[in-house]
Amino acid sequence: MNSKALADTALTQVDNIGFYLSVYGVTDKVNRHNLMAGVFDSMQRYNGEKESLQVRINTARVRVEQGVETIKQLNLTKPEGFHNLTSLVSEQVDQAGKKAESLAGKYVPAAKPLVSKLNQLRARFV
C-alpha cells in the first residue's frame, strides 16, 4: 500500500474519532491539526535538547584543548615550568575561593565550612 494513502487513511480516522468525541461532548481537541502540532512540538523539543547537548560537548572539548595547550606552553621539564603551573593553579583556586565566599555570604550561610576548606586549599598554593 502507498505510504501517502496509508497516512491519509490514518488522518481521516483521527478526524472521525475527533468528530464522534465532539458529538458525544467528550472533547473537541482530537483532530489532525492537534496531532501534528504535538508531533511538531516533540520534534522541536528533541532538536533543542540535541543542540544543547552538542553545545555542552563542544564547550568541554574547547576547555580540554585549552588546558592541553596551556600545559604544553608551561614546559614542565624545566623548574620554572613547574612554578608556572603552581601559580596558574593558585590563581584558579583563588578565583574560585573569592566567588564561593561572595555566593556563600549572599545566599547560603550554611556553606561557610566549604568556604573555609577552600581557603585552606588556597593557602597551600599561595
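The sections below set out a description of the structure shown in this document. The model shown is predicted, which means the values in this text are computed figures rather than measured ones.

What follows covers the packing of aromatic side chains. Per the counting criterion, the structure on display carries one aromatic pair. A ring pair is formed by Phe19 and Tyr20, whose centres lie 5.3 Å apart and whose planes are at 70 degrees; its orientation type is edge-to-face. On the basis of relative accessible area, Phe19 is assigned to the partly exposed category, the value being 46%.

Turning next to helix α1 (residues 3–23). Across its 21 residues, α1 extends 30 Å between first and last C-alpha, which sits within 8% of the 30 Å expected from 1.5 Å per residue. For α1, the side-chain oxygen to backbone nitrogen distance between the N-cap and Lys4 is 3.3 Å, and the N-cap itself is Asn2. In the segment just after α1, Gly25 is the residue with positive phi, at about 80 degrees.

Turning next to the pattern of salt bridges. In total, this model carries three salt bridges according to the counting rule given. Where Asp41 meets Arg45, a salt bridge forms, and the shortest distance between an N and an O atom there is 3.8 Å. Here Asp41 pairs with Arg45, and both are found in helix α2 (residues 32–74), just four residues apart, close to one helical turn. Its relative accessible area of 55% is what places Arg45 among the exposed residues. Residue Arg61 pairs with Glu65 through a salt bridge whose shortest N-O separation is 3.2 Å. Of this pair, Arg61 and Glu65 are both found in helix α2, four residues apart, which corresponds to roughly one turn of the helix. Residue Arg61 is classed as partly exposed on the basis of its relative accessible area of 42%.

What counts, and at which threshold
- Residues numbered from 1 in each chain as written.
- Predicted model: local features only at pLDDT ≥ 70, side-chain atom pairs only at ≥ 80, totals over all residues.
- Heavy atoms only, no water.
- Phe/Tyr/Trp six-rings, centres within 6.5 Å; stacked < 30°, edge-to-face > 60°.
- Buried < 20%, exposed > 50% of the residue type's maximum accessible area, 1.4 Å probe, protein only.
- Helix = DSSP H or I, 4+ residues; strand = E, 2+ residues; numbered from the N terminus.
- Expected span 1.5 Å × (residues − 1).
- Polar contact = N/O pair within 3.5 Å; in protein donor to acceptor, adjacent residues only side chain to side chain.
- Salt bridge = Lys/Arg side-chain N within 4 Å of Asp/Glu carboxyl O.

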